[in-house]
Amino acid sequence: MNTLSPSPIKIMLVDDHPMVRDGLSACLSFYDDIAIVGACNDGTEVLQTAKQCLPDVILMDISMPNQNGLEATEIIKETFPDTKILIFSMHESSEFVKNAVQAGASGYILKDTDSEEVYQAIKTVAQGKSYFGSNIAQMLLASPTNPSNERLTAREQMILSHIATGQSSKAIAHTLDISVRTVEAHRRNIKSKLNIDNLAELVRYAIEQGLVNSA
Amino acid sequence: MPFSFRIQLFAVIQVILTALFTYIFVTNEYRDLSEQNVATLEAFLIEQKQQELKNYTEIAKASIQHIYAGAAKDDPVAQELVANILSTLIYDGHDGYFFVYDEYGTNIVLPTEPYRVGQNYWDLLNDKGEPTIQILIENAKNGGDFYRYPWNQPSTETITEKLSYSDFLPKWGWMMGTGVYLDNVQQQLISVQTAIDEHTDNTRFIILFVAMSSIFVIFTIGTILHFTQKKESDKQIDQLGQKIITLQEDEQRHISRELHDGIVQILVSIKYSLEATGKFLAHQNVEKPVPLIQAQTNLSNAITDIRRISHHLHPRILDELGLSDAMEALGKEFSERTNIAVTITKPALSKLLPDHINITLYRVVQESLMNIEKHAQATKTSIDLAIMDNWLTLTIRDNGIGMYEMNENEPSLHSGIGTRNLAERVKYHRGQFKLSSSRKGTTVVAKIPRSAFAHHYTQKQEPILAESI
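All values derive from a computational prediction rather than experimental measurement. Within any chain, residue numbers begin from 1 and follow the written order of that chain's sequence. As a convention, the first chain written is A and the first ligand written is 1, with the rest following in written order. A pLDDT threshold of at least 70 governs which residues receive local features in this predicted model, and a stricter bar of 80 or more applies before side-chain atom pairs are shown or counted, although totals over entire chains, interfaces and linings include all residues.

**Quick word on the overall build of chain A**
Argument step 1. By definition, any uninterrupted DSSP run of H or I lasting at least four residues is a helix, any uninterrupted run of E lasting at least two residues is a strand, and each is numbered from the N terminus. Scanning chain A from N- to C-terminus turns up ten helices and six strands.
Argument step 2. A burial count over chain A gives 47% of its 215 residues as buried.
Argument step 3. Counting only contacts in chain A whose residues sit at least 6 apart along the sequence, the fraction spanning at least 24 positions is 64%. Neighbour density around each residue's C-beta defines its exposure: 20 or more other C-beta atoms within 10 Å make it buried, 12 or fewer make it exposed, and counts between make it partly exposed, where C-beta atoms are placed from the backbone. Once C-beta atoms are placed from the backbone, any two residues with those atoms within 7 Å are in contact.

Below, the structure written as structure tokens:
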């Protein structure tokens, strides 16, 4: 109950289960220095909702019907790089955590975490730090960090598929409703991760890997 | 016995019966026909010979008429003249001649054996046991008739069937006769018989040949048909098996999802409601009741259990992150449990595969790791997933003792159902499956053609894009 805080931390909940959102809201309502300003059901609605309620921290589920929380995280970070994402998921394996971090999440907690810890996690990531639930942190320590830097994120992979089907950065930006600069940034990242520096090679790679169909 | 074999057997029996019937029928028919033919021919030939003999006799009578007509009853000169004329009447090589005996059996003319002239042959018996000369004289006295008997043939010096006609010169009491040997008749009959027999044999051979070739054709066609049907039905069984497996995986995924995304989420919401209740009570300065604490503990256990069941049914990581990460999680868990080091290489891209291929390859990794854990005595394992040269290739290697060693102890386990099943499942996706093993370890390779999944990623992105625009 930090009453010194001038304004409460604005929270947005993303989960396709209203009951879970309600339960969590009920718990978090006991803390004065955080305020739930928005909620939505699915990854595809996240950006729209965030634009309306401008949250400081988004509690993001991973498994959702249309677009999962990891892809949604990347999309939020493109437009709101300062918004912190705290993954709030049922999935326990370290691959999820790694993917979440790669997507730009600041923290990862499990859904059956006590609300007190959820509160602590929110506070921590809001301050710009990382937070991983105690069992998650252990898991990360136990797993040898395979250099997975060369792997593309979901968003990068999607942009690569657009590039491979012959779309310009401008067209891609338009399709995905993001700035051309963002697309260009992704493009640079893709090229550097794949160690490919020209467009033809990029297209050839995407076809060869079966990302797009050559036919 | 399969249905097709029964039909085949039935057809063969039918052919054999038909052939047998035809064979017996044709044989009988030909035998009757040949007997009739031979009899008719013989009668005809004999009749011809008889006519011939009568003609010769007429000619002979005509040639002695001028002497005999004017001769007296006892006229040795005329008799000498007639005997001379008759002994010179030779026809048909040496076999056609005239013989003359008096009515008491004494020979008067016998051009082939002239030394017999003057001797009496009244009591001479032929090979049939009949008194030849007596019968000939009898026939002659009765106005001329034919007699068939075995007799020595001069040209061949053998006993041959002879047909003779004898006539009577009443004034002198002479029996005058001539005969033909029937050897050429017999030969003609035999050659006819032979020709008919040959024909019969040909027909029999044709019947046998047709029957045998029919049986052969029935067998060949039946066998080919049987194997094509078997192949077809095997294929259908395989496809059915794969369909069942696919349905099972679908069902498991469905239940897993229901548990994980439905029931577990509800339980989580209850958990937060209970926590909120606790917080509310604390706010009211009321101590947390024990049943509430118990409920929270039990609920946590329930959530853990259901999540475990859900994961066991279907690994959600496969749907959310794709095969690479699911494989990595599997490898990590395996490594922690068994202390066997696992190295994993995977492509830079992910979630390229449709669900069915995803789960198939996941099961390949799962089953292979299980085999390694149980039998291989390995210390190192590698799992490699790569896409190149139009194929997605999954390779699982270990440095264990290989399959040969395993087989000695547990022959059924490694070459058994599990591996065969995996091979079938991979092939179902137009893929290839290979298991090779040496004393230095075992390698499992599963390959899926790129064409089986190249359309998947972009297709899956489309609805999301459509919604986000």
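**Section: the overall build of chain B**
Argument step 1. In terms of regular secondary structure, chain B is built from twelve helices and ten strands.
Argument step 2. Every one of the 469 residues in chain B was classed for burial, and the buried ones make up 26%.
Argument step 3. Considering only residue pairs separated by 6 or more positions, chain B has 62% of its internal contacts joining residues 24 or more positions apart.

**Quick notes on the packing of helix 8 (residues 169-176) of chain A against helix 9 (residues 180-194) of chain A**
Residues and elements named next belong to chain A.
Argument step 1. Angles shown run from 0 to 180 degrees and are taken between the N-to-C directions of axes, each axis being a line fitted to C-alpha atoms and, for helices, limited to the stretch in contact. Running from N to C, helix 8 and helix 9 cross one another at 115°; their axes reach a closest spacing of 8 Å. Here helix 8 lies roughly perpendicular to helix 9, going by the angle between them. When you trace helix 8 past helix 9, the crossing you get is right-handed. Here helix 8 contributes Ser-169, Lys-170, Ile-172 and Ala-173 to the contact with helix 9, which in turn contributes Val-180, Val-183, Glu-184 and Arg-187. Oblique is the label for any angle not covered by the other classes, which are roughly parallel (under 35 degrees), roughly antiparallel (over 145) and roughly perpendicular (65 to 115). Handedness of each helix crossing follows the sense of rotation of the near helix against the far helix: counterclockwise by less than a right angle gives left-handed, clockwise gives right-handed.

**Quick notes on the packing of helix 1 (residues 18-28) of chain A against helix 4 (residues 183-283) of chain B**
The packing of two helices is summarised by the inter-axis angle and the distance between the axes.
Argument step 1. Between helix 1 of chain A and helix 4 of chain B, the shortest axis-to-axis distance is 8 Å and the interhelical angle comes to 20°. One way to sum up the angle between helix 1 of chain A and helix 4 of chain B is to call them roughly parallel. Crossing hand, helix 1 of chain A versus helix 4 of chain B: left-handed. Of the residues in helix 4 of chain B, those touching helix 1 of chain A at Met19(A), Val20(A), Asp22(A), Gly23(A), Leu24(A), Ala26(A) and Cys27(A) are Gln265(B), Ile266(B), Val268(B), Ser269(B), Tyr272(B), Ser273(B), Glu275(B), Ala276(B) and Lys279(B).

**Details of the nonpolar core**
Argument step 1. Counting residues in each nonpolar core, the largest one holds 102 residues, and the members touching the most others are Leu86(A) and Ile122(A).
Argument step 2. With sequence-adjacent residues up to four places away left out, Ile122(A) is seen in contact with Ile9(A), Ile11(A), Ile34(A), Val57(A) and Leu86(A).
Argument step 3. Definition of nonpolar core: a set of buried Ala, Val, Leu, Ile, Met, Phe, Trp, Tyr and Cys residues joined via C-beta atoms within 7 Å. In this structure, Leu53(B), Tyr56(B), Tyr101(B) and Tyr165(B) belong to the second largest nonpolar core, which totals 25 residues.

**Quick notes on the sheet that holds strand 5 (residues 174-181) of chain B**
Residues and elements named next belong to chain B.
Argument step 1. A pair of strands is treated as paired once DSSP finds two or more bridges between them. Taking strand neighbours across the sheet as the criterion, the five strands line up as 2-1-5-4-3 in an open arrangement whose pairing is antiparallel. Looking along the sheet, the strands with just one partner apiece sit at the ends: strand 2 (107-109) and strand 3 (145-153). Within this sheet the neighbouring strands show an average axis-to-axis angle of 35°, counted without direction.
Argument step 2. Of the pairings in the sheet, the one linking strand 4 (residues 158-169) to strand 5 comprises eight bridges and is antiparallel in character. Looking at the pairing, Tyr-165 lines up with Thr-178 of strand 5.
Argument step 3. Lying over the sheet, helix 2 (residues 76-88) contacts strand 1 (98-102), strand 2 and strand 5, oriented at roughly 70° with respect to strand 2.
Argument step 4. Sitting on the sheet, helix 3 (residues 132-141) is in contact with strand 1, strand 3, strand 4 and strand 5, with an inclination near 35° to strand 4.

**Looking at the interface of chain B and chain A**
Argument step 1. Contacts between the two partners involve 41 residues from chain B and, on the opposite side, 41 residues from chain A.
Argument step 2. When contributions to the side of chain B that touches chain A are tallied by element, the ones reaching two or more residues are helix 4, helix 5 (290-313), helix 6 (316-320), helix 7 (323-338) and helix 12 (456-468) of chain B.
Argument step 3. Sorting elements by how many residues they give to the side of chain B that touches chain A places helix 4 of chain B first, with 13 residues.
Argument step 4. Split into classes, the residues belonging to the side of chain B that touches chain A amount to 19 nonpolar, ten polar and twelve charged. Each residue gets one of three labels, nonpolar for Ala, Val, Leu, Ile, Met, Phe, Trp, Tyr, Cys and Pro, charged for Asp, Glu, Lys and Arg, and polar for the others, Gly among them.

**A look at the confidence of the model for chain B**
All names here are of chain B.
Argument step 1. pLDDT gives the predictor's per-residue confidence on a scale running from 0 to 100. When pLDDT is averaged along chain B, the result is 87, and 95% of the positions lie at 70 or above.
Argument step 2. Predicted confidence in chain B is weakest over helix 10 (residues 411-414), with a mean pLDDT of 46, and strongest over strand 8 (residues 391-398), with 94.
Argument step 3. Confidence over residues 408-414 falls short of pLDDT 50; this stretch has eight contacts with residues more than four positions distant or in other chains.
Argument step 4. Reported confidences for the modelled complex are a pTM of 0.68 and an ipTM of 0.88.

**Remarks on helix 2 of chain B**
Residue and element names in this part refer to chain B.
Argument step 1. Under the convention used throughout, the expected extent of a helix is 1.5 Å for every residue step, that is, one less than its residue count. Taking 1.5 Å per residue as the helical rise, helix 2 with its 13 residues ought to reach 18 Å, and the 18 Å between its terminal C-alpha atoms agrees with that figure.
Argument step 2. Taken residue by residue, helix 2 has Gln-79, Val-82 and Leu-86 as its buried positions. On an axial view of helix 2, the arc spanned by its buried residues comes to 65°, and they lie on one face. Exposed side of helix 2, more than 90 degrees from the buried face: Val-77, Glu-80, Asn-84 and Thr-88 are the residues found there. Arc definition: it is the arc formed by the directions from the helix axis to the C-beta atoms.

**Overview of the pairing of strand 1 of chain B**
Residue and element names in this part refer to chain B.
Argument step 1. Of all five residues that make up strand 1, four are buried, and the element is covered over most of its length.
Argument step 2. Looking at chain direction, strand 1 and strand 5 are connected through five bridges and run antiparallel. Directly across from Val-100, in strand 5, lies its bridge partner Met-176.
Argument step 3. Where strand 1 and strand 2 come together, two bridges link them in antiparallel fashion. For Tyr-101, the partnering residue across the bridge sits in strand 2 and is Asn-107.

**Some details on the sheet that holds strand 4 (residues 84-89) of chain A**
All names here are of chain A.
Argument step 1. Here six strands make up an open sheet; going across it, the order is 2-1-3-4-5-6 and the pairing parallel. Each edge of the open sheet is held by one strand with a lone partner, namely strand 2 (34-40) and strand 6 (131-132).
Argument step 2. Judged from the six bridges that link them, strand 1 (residues 9-14) and strand 2 form a sheet pairing that is parallel. Bridge pairing in strand 2 places Val-14 opposite Cys-40.

**Quick word on helix 4 (residues 94-103) of chain A**
Residues and elements named next belong to chain A.
Argument step 1. Counting buried positions over the ten residues of helix 4 gives eight, a clear majority of the element.
Argument step 2. Taken residue by residue, helix 4 has Ser-94, Glu-95, Phe-96, Val-97, Lys-98, Asn-99, Ala-100 and Ala-103 as its buried positions.
Argument step 3. Looking one or two residues beyond helix 4, the residue adopting positive phi is Gly-104, at roughly 115°.

**Some points on the pairing of strand 4 of chain B**
Residue and element names in this part refer to chain B.
Argument step 1. As paired elements, strand 3 and strand 4 share nine bridges and run antiparallel to each other. Bridging from a neighbouring strand, Tyr-147 pairs with Ser-164 of strand 4.
Argument step 2. Hairpin connection, strand 3 to strand 4: the antiparallel pair is bridged by four residues, and Glu-157 has positive phi, about 55°.

**Description of the environment of Tyr205(A)**
Residues and elements named next belong to chain A.
Argument step 1. Along the chain, the position of Tyr-205 falls in helix 10 (residues 199-208).
Argument step 2. Classification of Tyr-205 as partly exposed rests on a count of 17 C-beta atoms within 10 Å.
Argument step 3. The spatial distance from the C-alpha of Tyr-205 to the C-alpha of Leu-194 is 9.1 Å, given a sequence separation of eleven residues.
Argument step 4. Not counting residues up to four positions away in its chain, the partners in contact with Tyr-205 are Leu-194 and Ile-196.

**Description of unusual backbone geometry**
Residue and element names in this part refer to chain B.
Argument step 1. A positive phi angle, close to 55°, is found at Glu-157, a residue other than glycine.
Argument step 2. Counting through the fold element by element, Glu-157 comes out in the loop between strand 3 and strand 4.
Argument step 3. What makes Glu-157 exposed here is the crowd of 8 C-beta atoms within 10 Å.

**Some details on the confidence of the model for chain A**
Argument step 1. For chain A, per-residue confidence averages 88 on the pLDDT scale, and residues scoring 70 or more make up 93% of the total.
Argument step 2. The least confident element of chain A, judged by mean pLDDT, is helix 6 (residues 134-142) of chain A at 75; the most confident is strand 3 (residues 57-60) of chain A at 96.

**Structural notes on the environment of Phe96(A)**
Argument step 1. Tracing the chain through its elements places Phe96(A) in helix 4.
Argument step 2. Note on Phe96(A): 26 C-beta atoms within 10 Å, which makes it buried.
Argument step 3. Separated by twelve residues in the primary sequence, Phe96(A) and Tyr108(A) place their C-alpha atoms 9.2 Å from one another.
Argument step 4. For Phe96(A), the contacting residues outside a window of four places in its chain are Ile62(A), Ser89(A), His91(A) and Leu321(B).

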